[in-house]
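Per-entry structural report
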Amino acid sequence: MKIRRAEISDAEAIAKVSADTWQQAYRGIMSDEILAERRCSPERIESWRRRVKDTLNGATAIYVAEDENGKVVGFAWGGVSKDNQVPRNMELYAFYVHPNFQKKGYGQALFETFRKYSTGRFYLYALQDNKKAADFYQKMGGVLMPEYAKDSPHSGHQKLKEACYFFE
């Protein structure tokens, strides 16, 4: 296992991990319509290329986890808080480990790498109904902050409740 900063050449692998994980993690939580839109398309790959390129300015960081063959199997993307209502300077925007590589230490290693980058005090939003994610975040020391929960539209189709977790 290797954790490293993402490179522009990782964009397609990041898009694939994101799409594949959405299909598994959010089935039964999100509508089939939203999940059908979440694919590893050329547009999503280009979006991840831009995000990786933007990490060069230092406001955000993307870390990837590689398996023993050098294949990207997970990622963590975060940076400066996007929500000025939350009293934390750093936010973990997206955190995914491919379903075939979960419960093998990749998530924990990625999470700890982001924790160091953020100097430990950060927050994240996760779908309230995603029990597997909630269990992981609590195991990693996350504290559920109900006062910052929010309804969030996803792809303009469905409003979902998001829970907020603080990390020290």
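Figured I'd write up the structure that's included with this text. (Residues numbered from 1 in each chain as written. Predicted model: local features only at pLDDT ≥ 70, side-chain atom pairs only at ≥ 80, totals over all residues. Heavy atoms only, no water.)

**Section: helix H1 (residues 11-25)**
For the record, the criterion: Numbering goes from the N terminus for both helices and strands, where a helix is a DSSP run of H or I of at least four residues and a strand is a run of E of at least two. By definition here, a helix of n residues has an expected span of 1.5 Å times n minus one. Residue exposure (1.4 Å probe, protein chains only): buried if accessible area is under 20% of the type maximum, exposed if over 50%, otherwise partly exposed.
An ideal rise of 1.5 Å per residue puts 21 Å on 15 residues; H1 measures up with 21 Å between its terminal C-alpha atoms. Inspection of H1 places Ala11, Ile14, Ala15, Val17, Ser18, Ala19, Thr21, Trp22 and Gln23 among the buried residues, and these make up the whole buried set.

**A closer look at the packing of H1 against helix H3 (residues 42-54)**
Let me state the cut-off plainly: Lines fitted to C-alpha atoms define the axes here, with helix axes fitted over just the stretch in contact, and angles between the N-to-C directions of these axes take values from 0 to 180 degrees. Here the angle decides the label: under 35 degrees means roughly parallel, over 145 means roughly antiparallel, 65 to 115 means roughly perpendicular, and every other value means oblique. Should the near helix be turned anticlockwise from the far one by less than a right angle, the crossing is left-handed, and should it be turned clockwise, the crossing is right-handed. Any two residues having at least one pair of non-hydrogen atoms within 4.5 Å are treated as being in contact. By the convention adopted, Pro, Cys, Tyr, Trp, Phe, Met, Ile, Leu, Val and Ala count as nonpolar, Lys, Arg, Asp and Glu as charged, and the other residues, Gly among them, as polar.
Where H1 meets H3, the axes come as close as 8 Å, and the angle between the chain directions of the two elements is 120°. By the angle between their axes, H1 is oblique relative to H3. The crossing of H1 and H3 is right-handed. Counted together, Ala11, Glu12, Ile14 and Ala15 of H1 and Arg44, Ile45, Trp48, Arg49 and Val52 of H3 form the full contact between these two elements. Here the residues of the contact of H1 with H3 are counted per class, giving 6 nonpolar, no polar and 3 charged.

**A look at the pattern of salt bridges**
Cut-off, in case you're wondering: In what follows, salt bridge is the name for a side-chain nitrogen of Lys or Arg lying within 4 Å of a carboxyl oxygen of Asp or Glu.
In this structure the tally under the stated criterion is 11 salt bridges. Close ionic contact of arginine 115 with glutamate 112 constitutes a salt bridge, the shortest N to O distance being 3.1 Å. Of this pair, arginine 115 and glutamate 112 both sit in helix H4 (residues 106-117), 3 residues apart, which is roughly one turn of the helix. Taking relative accessible area as the criterion, arginine 115 reaches 15% and is therefore assigned buried. Exposure remark for glutamate 112: the relative accessible area of 29% places this residue in the partly exposed category. A salt bridge links arginine 121 to glutamate 168; the nearest nitrogen and oxygen atoms lie 2.8 Å apart. You can see arginine 121 sitting in the loop between H4 and strand E5 (122-127) and its partner glutamate 168 sitting in the segment after strand E8 (158-167), a full 47 residues away along the chain. Beyond isolated ion pairs, a larger network of salt bridges with shared partners links Arg4, Asp10 and Glu66.

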